[in-house]
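Residue-level listing of the chains:
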Amino acid sequence: MQSVISGGDNSQEALLVSSINEFFSQVNLLQSDNISIPMKKTLVDKATNLAQRVTDINSKGVDLQLQADNQMKESITGVNSTIKSLFDLNRKIRITPMPIKLHDLRDNLVNEIAKYMDVKATFETNGSVLLQSKSSGKMLVSGDQYAQFSYPGIQLKSKLQYGLDLPPMTINHFNEDGSKTHQPMIFMGGSNDKTLEFSG
């Protein structure tokens, strides 16, 4: 069997490559006719070491996914606040005699939301904006309603370790008085093999 060749450093990947090379080197030695008990024990030790390296890398991958999940929740908090600010500004623009002075702030808020997802902005004649998700068409901000996202996050580390479905992100719509217009709808997700539109 051939060894894995890599010019790695002290990273997890380099340690794994080293363990694989050592394991296969020991396997090559066992192909000879003179196989001693110490050689067999060495092979078992190399196999155990290799298994531990794989476990360590998998654990690190899970930790990185949990970190990304926490960033997702923080991003949702930020975009919800910006959406509400844009909705409040829309209402102000509609009742302001000279709303052109508010257009720069409106555009800045739209651009801030666009950092999180692809959006479609339609500007009304009065200067207010209708903002939609570009991919799904779901309304984010209009003249009389606004959206808010909800995402519980990964509750258990085992959900990642065993490849279980991740919780979906839902979207609620609210009227001017803060009342919900309907039951929450799934915006995206629900499975760990789907590409998420929303990014932090």
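Throughout this description, residue numbers start from 1 for each chain and increase along the sequence as written. The model is predicted, so local features are restricted to residues of pLDDT at least 70 and side-chain atom pairs to those at 80 or more, both for listing and for counting; the totals for chains, interfaces and linings are taken over all residues. The side-chain numbers reported here are obtained from all heavy atoms of the structure, hydrogens and water having been left aside.

## Some words on the overall build of the chain
Consideration 1: The secondary structure content of the chain amounts to four helices and six strands.
Consideration 2: Summary of the burial criterion: residues with accessible area below 20% of their type's maximum are buried, those above 50% are exposed, and those between are partly exposed, where the area comes from a 1.4 Å probe applied to protein chains only. Residues counted as buried form 32% of the 200 residues belonging to the chain.
Consideration 3: The contact criterion used throughout is that any non-hydrogen atoms of two residues lie within 4.5 Å. When contacts within the chain are restricted to residue pairs at least 6 apart in sequence, those whose partners lie at least 24 apart make up 52%. Put simply, DSSP marks the helices as runs of H or I at least four residues long and the strands as runs of E at least two long, and each gets a number from the N terminus on.

## Regarding the nonpolar core
A general feature of soluble globular proteins is that nonpolar side chains tend to end up buried together.
Consideration 1: Formed by 28 residues in total, the largest nonpolar core has its most connected members in Leu 86, Leu 131, Leu 140 and Phe 149.
Consideration 2: The element contributing the most residues to this core is helix H2 (residues 37–95), with eight residues.
Consideration 3: Not counting chain neighbours up to four residues away, the residues in contact with Leu 131 comprise Leu 86, Val 110, Ile 113, Val 119, Lys 120, Ala 121, Lys 138, Met 139, Leu 140 and Val 141. Within this scheme, the nonpolar core is defined by two criteria: the residues are buried Ala, Val, Leu, Ile, Met, Phe, Trp, Tyr or Cys, and they are joined through side-chain atoms within 4.5 Å.

## Some details on the confidence of the model for the chain
If pLDDT is low for a region, its predicted coordinates should not be looked at in detail.
Consideration 1: Confidence per residue, as judged by the predictor, is encoded in pLDDT with a range of 0 to 100. With 56% of its residues at a pLDDT of 70 or more, the chain shows a mean pLDDT of 76.
Consideration 2: Overall, residues 1–9 carries pLDDT values under 50, and its contacts beyond four positions in sequence, including any with other chains, amount to 13 contacts.
Consideration 3: Overall, residues 190–197 carries pLDDT values under 50, and its contacts beyond four positions in sequence, including any with other chains, amount to 21 contacts.

## Quick notes on the side chain of Thr 82
Consideration 1: Inspection of the secondary structure assignment puts Thr 82 in helix H2.
Consideration 2: Residue class for Thr 82 comes out buried when judged on its relative accessible area of 11%.
Consideration 3: When sequence neighbours within four positions are dropped, the list of residues in contact with Thr 82 reads Leu 109, Glu 112 and Ile 113.

## Let's talk about the environment of Lys 138
Consideration 1: Within the fold, Lys 138 resides in the loop between strand S2 (129–133) and strand S3 (139–141).
Consideration 2: Owing to a relative accessible area of 21%, Lys 138 belongs among the partly exposed residues under this scheme.
Consideration 3: Separated by 19 residues in the primary sequence, Lys 138 and Val 119 place their C-alpha atoms 9.7 Å from one another.
Consideration 4: Setting aside anything within four residues of it in sequence, one finds Lys 138 in contact with Leu 131, Gln 132, Ser 133, Ile 171, Met 185, Ile 186 and Phe 187.

## A look at the pattern of salt bridges
Consideration 1: Criterion for a salt bridge: a side-chain nitrogen of Lys or Arg within 4 Å of a carboxyl oxygen of Asp or Glu. Going through the model one piece at a time under the given rule, you end up with four salt bridges.
Consideration 2: When the shortest N-O distance is used, the salt bridge between Asp 88 and Lys 84 registers 3.0 Å. Taken together, the residues Asp 88 and Lys 84, both in helix H2 and four residues apart, mark about one turn of the helix.
Consideration 3: Using a relative accessible area of 32% as the deciding quantity, one classes Asp 88 as partly exposed.
Consideration 4: Residues Arg 91 and Glu 176 are paired through a salt bridge, measuring 3.4 Å at the closest nitrogen-oxygen approach. Linking Arg 91 in helix H2 with Glu 176 in the loop between strand S5 (168–175) and strand S6 (185–189), this pair joins segments that are 85 residues apart in sequence.
Consideration 5: Accessibility expressed as a relative area gives 34% for Arg 91, which makes it partly exposed.

## Considerations on the environment of Gln 132
Consideration 1: Assignment of secondary structure puts Gln 132 in strand S2.
Consideration 2: Contact partners of Gln 132, with chain neighbours within four places excluded, come to Asp 118, Val 119, Lys 120, Gly 137, Lys 138, Met 139 and Leu 140.

## Observations regarding the packing of aromatic side chains
Consideration 1: The pairing test for Phe, Tyr and Trp rings, Trp by its six-membered ring, is centres within 6.5 Å, and the orientation test on the planes gives stacked under 30 degrees, edge-to-face over 60, and tilted for anything in between. Following the criterion strictly, the structure yields three aromatic pairs and no others.
Consideration 2: Plain terms: the ring middles of Phe 87 and Tyr 146 are 4.7 Å apart, the flat faces sit at 40 degrees to each other, and that makes the pair tilted. Here Phe 87, found in helix H2, pairs with Tyr 146, found in strand S4 (residues 145–150); they are 59 residues apart in sequence, far enough to count as distant. Exposure class is identical for Phe 87 and Tyr 146. Each is buried.
Consideration 3: Connected via pairs of aromatic rings, a cluster forms that spans Phe 87, Tyr 146 and Phe 174.
Consideration 4: Only when the NZ of Lys or the CZ of Arg is both within 6 Å of the ring centre and within 35 degrees of the ring normal is a charge said to sit over the ring. Seen from the ring of Tyr 146, Lys 84 lies directly overhead, with NZ or CZ sitting 5.5 Å from the centre.

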